[in-house]
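# Descriptive structure summary
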Amino acid sequence: MKKGTEITGKIEYTDFPNKGSLFADGEKVTIKGTIAGQTVRGVINKGRKGRYEARLLEVIEKSDIETNEPMCPHFGICGGCFYQTLSYENQLAIKAGHVKKLLDAVIKEDYVFEKPVGSPIDREYRNKMEFTFGNEYKDGPVCLGLHRKGSFYDIVPVHECKLVNEDIREILVATEEFAKHSGFTFYHKMTKEGYFRHLLVRRSFMGGILIDIITTSGPGPDLNEFKKKMLGLKCASRIKGILNTVNNSIADVVRDEGTTILYGEDFITEKLLGLDFKISPFSFFQTNSKGAEVLYEKVREFAGHEGDGAVIYDLYSGTGTIGQMMAPVAKSVVGIEIIEEAVEAAKENALQNGLSNCTFIAGDVLKMLDEVEVKPDFIILDPPREGIHPKALPKILSYGVEKMIYISCKPTSLANDLVTIQEAGYRVDRVCCVDMFCYSTHVETVVLLTKVHK
């Protein structure tokens, strides 16, 4: 089949995250953004004999498991919430199936794959959102929202997004209005000119909101007017802080090159499993607070009594949530995290929670492991999406601890790391998927690893 050839067929099965496979003219074709059982039309965009990929043109017929009507008017236009047409039970089954298929390919011994655990809430669960300034079409007026599905440039206003609380939706609309009436435009990726870049909103289930408008350092409107507009909103939650972060980077990312407090404080506080955690604008914190409690309960279950009286390493520790959950039974906890802002928050969190046996270190895990003198008895790993640095993993494994827990937000990275971990003499005992991202293709996976003594 040549590039540009149109094909039609039924999706036989899918792989993580949503790559469907069908057969056309006797050849296997992979199409992203599909669900098993759908009849689709696509166009070949790359490949050679035996390895073809196609771009989805349309879903001709739904799958039998698509029994739900989309809950959001932005479905299919915005790039998020892919599984809105599925029941939550089917979402969990598909995600767990994808993970198990990846792990079965690399785990050579028997292991326990537990029933997936869902989020306690599946709507308005996100405690953090990053919105982007742009336009819906070329030369259109400034708007604020999320990227259009399949587009790097076009922005979709998502005023009725169901993943966030009503307060965040009101802040989104009001910020877009402020930008439209300011006389200033958004930052253009092509010309590298403009003022407005992103809006970051964090909300605590304890009732606090943090608003951060990210702009360039160039000429802009009076942000005191923005502050007044935000404080004039009738939000159910209290606005704890309004910030302005400068970002002059040419990359389309939210980057902190200096933050000014326009009002209040530069953090909010969240409570998880009885502990308080300070959350700053750019520190890592699970985006589903209620789901995070379920995740951490599973981690504590997997740990059992292994942490009792032990020196615990909490690697890639973020704001120190996992380590502090384990601290009451541990001899000591050592957390390592590369984001300094998160480490400072972790230290304050430990102090606020009355935990004197926690030490948090700012730096790259690869380098910091050489500087920590106390050796671990138990290790918890919660690396970023790309997994553990290939040079850091052998250092971690060289400690030879009896048990480790690996928490992964990307199963393909987890599968890659498990190859090295097993070669180093560890076996996979238990695996459980914990869903934190309802309606999306993402899922957290918790793995219990045990040292094998021959």
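See the structure above.
A brief report on the enclosed structure follows.

Cut-offs applied
- Residues numbered from 1 in each chain as written.
- Predicted model: local features only at pLDDT ≥ 70, side-chain atom pairs only at ≥ 80, totals over all residues.
- Heavy atoms only, no water.
- Helix = DSSP H or I, 4+ residues; strand = E, 2+ residues; numbered from the N terminus.
- Rg over C-alpha atoms; globule rule 2.2 N^0.38 Å.
- Buried < 20%, exposed > 50% of the residue type's maximum accessible area, 1.4 Å probe, protein only.
- Axes fitted to C-alpha atoms, helices over the stretch in contact; angles between N-to-C directions.
- Parallel < 35°, antiparallel > 145°, perpendicular 65-115°, else oblique.
- Left-handed = near helix turned anticlockwise from the far one by under 90°.
- Contact = heavy atoms within 4.5 Å.
- Nonpolar A, V, L, I, M, F, W, Y, C, P; charged D, E, K, R; others polar.
- Core = buried A, V, L, I, M, F, W, Y, C linked by side-chain atoms within 4.5 Å.
- 1 Å grid on protein atoms, 1.4 Å probe; cavity = no way out; pocket = protein on both sides within 12 Å on 5 of 7 lines; lining within 4 Å.
- Points joined across faces, edges and corners; volume = space filled by probe spheres on them.
- Salt bridge = Lys/Arg side-chain N within 4 Å of Asp/Glu carboxyl O.
- Pairing = 2+ DSSP bridges.

## Concerning the overall build of the protein chain
From N to C terminus, the protein chain includes nine helices and 23 strands. Rg of the C-alpha trace for the protein chain: 23 Å, near the compact-globule value of 22 Å for 454 residues, within the 12% margin. Considered along the principal axes of its C-alpha atoms, the protein chain spans approximately 65 × 65 × 35 Å. For the protein chain, with 454 residues in total, the buried portion stands at 54%.

## Observations concerning the packing of helix H1 (residues 88-104) against helix H9 (residues 411-423)
At their nearest, the axes of H1 and H9 sit 9 Å apart, and the two run at 20° to each other. Classed by the angle they form, the pair H1 and H9 counts as roughly parallel. Crossing handedness for the pair H1 and H9: right-handed. Contact residues: Val99, Leu102 and Leu103 in H1; Pro411, Thr412, Leu414, Ala415 and Leu418 in H9. Residue classes in the contact of H1 with H9 are distributed as seven nonpolar, one polar and no charged.

## Let's talk about the nonpolar core
Ranked by size, the top nonpolar core spans 79 residues in total, and within it Phe131, Phe226 and Ile405 carry the most contacts. In this structure, Phe226 is in contact with Thr175, Phe178, Ile211, Ile213, Ile242 and Leu262, ignoring residues within four places of it in sequence. Judged by nonpolar contacts, the second largest core, of 38 residues, contains Ala96, Leu103, Tyr316 and Tyr426.

## Some thoughts on the layout of surface pockets
Its boundaries defined by the atoms lining it, the second largest pocket holds a volume of some 260 Å³. Together, 14 residues line the second largest pocket, and Asn135, Tyr153, Phe186, His188 and Met190 are the ones closest to its centre.

## As for the pattern of salt bridges
Tallied over the entire structure, the rule returns 23 salt bridges. Between Glu114 and Lys298 there is a salt bridge; the shortest N-O distance is 3.1 Å. One end of the pair, Glu114, is in the loop between strand E7 (112-113) and strand E8 (128-134); the other, Lys298, is in helix H4 (residues 289-303), with 184 residues separating them in the sequence. For Lys298, a relative accessible area of 10% puts it in the buried group. Note that Glu130 and Lys128 form a salt bridge whose closest N and O atoms lie 3.3 Å from each other. Among the residues examined, Lys128 registers a relative accessible area of 17% and is labelled buried. By sharing partners, the salt bridges in this structure join Glu114, Lys298, Glu301 and Arg430 into a single network.

## What to know about the sheet that holds strand E18 (residues 332-337)
Ordered by their spatial adjacency, eight strands build an open sheet running E7-E22-E23-E21-E20-E17-E18-E19, and the pairing between neighbours is mixed. Sheet topology places E7 and strand E19 (358-362) at the edges, where each strand pairs with a single neighbour. Relative to strand E22 (residues 426-434), E7 runs parallel, the two being bridged by two bridges. The residue of E22 that forms the bridge with Phe113 is Val431. Strand contacts of H4: strand E20 (378-381), strand E21 (403-408), E22 and strand E23 (444-451), with the helix running at about 155° to E22, the strand carrying the most contacts. Strands in contact with helix H6 (residues 340-352) are E18 and E19; relative to E19, the strand with the most contacts, it is inclined by about 165°.

## Structural notes on the side chain of Thr215
On the secondary structure map, Thr215 appears in strand E12 (residues 208-215). Sequence-distant contacts of Thr215, that is, excluding residues within four places in its chain, are made with Tyr195, Phe196, Arg197, Asn244, Thr245, Val246 and Asn247.

## Examining unusual backbone geometry
A cis amide bond links Phe16 to the next residue, Pro17, at an omega of -5°. One can find Pro17 in the loop between strand E2 (13-15) and strand E3 (19-24). The phi dihedral of Cys81 falls on the positive side, at around 50°, and the residue is not glycine. By the secondary structure assignment, Cys81 is in the loop between strand E6 (51-61) and H1. Owing to a relative accessible area of 13%, Cys81 belongs among the buried residues under this scheme.

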